[in-house]
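Residue-level structural notes
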Amino acid sequence: APRRDKAAGAAPSLVLPSTLLPPGHVVADHLPTTNMPVLLYRDSSSNNTVKAYRNQCRHRGAALIKPTKGLKQLKGSAVTCPYHAWTYNLGHGELKAVPQEKVGFPCLKKQDLGLKPLACREIAGGIWVGGQKLSETGDQSVWSLDEVDSELKALWETQQQSPS
């Protein structure tokens, strides 16, 4: 069975079938192996690339979108925290707007407070996410297909052992 690092989700996790995330939509869920809150966004402006981020506002840690099994279609690529209205661009993860920024946060460096990106790839018709760097080189996009194959086998074995 693949290594399941509870602290950060080092092993890739299958989060969603690719076909369930159309362009311009976002879904909030949790990584199956670690329960880490995650946002998946299919960016219609960059070849329909899927982006993954921690579902957590960088101000106070609130969920940007409540986890559900449904999709949310966005107008543009922005998502706003429901508590203090910090707004992020899901295309690149950057913090775009902070209410009362000049008064309440005069020293704020928005470029340092973007969403935390997670490694994400579409493989074998699924969207796979890992919670931390997945290679010794620090390149989060390099995944061993053996890791993914092991994860698929573990999911299959779990499914076969589950009572009907």
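Residues numbered from 1 in each chain as written. Predicted model: local features only at pLDDT ≥ 70, side-chain atom pairs only at ≥ 80, totals over all residues. Heavy atoms only, no water.

In spatial order, the strands read 1-10-9-4-3-2-5; together these 7 strands make up an open sheet with antiparallel pairing. Each end of this open sheet is capped by a strand with a single partner; those strands are strand 1 (13–17) and strand 5 (72–73). Sheet topology note: the strand 2 (residues 25–30)/strand 5 ladder contains 2 bridges and is antiparallel. If you follow Val26 over to strand 5, its bridge partner there is Lys72. (Pairing = 2+ DSSP bridges. Helix = DSSP H or I, 4+ residues; strand = E, 2+ residues; numbered from the N terminus.)

The strands making up a sheet associate through hydrogen bonds between their backbones, and the pairing can be parallel or antiparallel. Taken in spatial order, the 3 strands line up as 6-7-8 in an open sheet, and their pairing is antiparallel. Across the chains shown, the open sheet's two edge strands, defined by having one partner strand only, are strand 6 (78–80) and strand 8 (95–97). Mean inter-strand twist for the sheet, computed between neighbouring axes without regard to direction, equals 35 degrees. With 3 bridges connecting them, strand 6 and strand 7 (residues 87–89) associate as antiparallel partners. Its bridge partner being in strand 7, Ala78 is matched across the sheet by Asn89. (Axes fitted to C-alpha atoms, helices over the stretch in contact; angles between N-to-C directions.)

A few words on the nonpolar core. Judged by nonpolar contacts, the single largest core of 20 residues is most densely connected at Val26, Leu39, Leu64, Trp86, Tyr88, Leu90 and Leu95. Looking at this core, the elements that each hand over two or more residues are strand 2 and strand 3 (37–43). With sequence-adjacent residues up to four places away left out, Val26 is seen in contact with Leu21, Leu39, Leu40, Tyr41, Ile65, Leu71, Lys72, Leu74 and Leu90. (Core = buried A, V, L, I, M, F, W, Y, C linked by side-chain atoms within 4.5 Å. Buried < 20%, exposed > 50% of the residue type's maximum accessible area, 1.4 Å probe, protein only. Contact = heavy atoms within 4.5 Å.)

Moving on to the environment of Gln111. Summarising the element assignment, Gln111 is placed in the loop between helix 1 (101–104) and strand 9 (117–123). Along the primary structure Gln111 and Gly93 are separated by 18 residues, whereas in three dimensions their C-alpha atoms are 10.0 Å apart.

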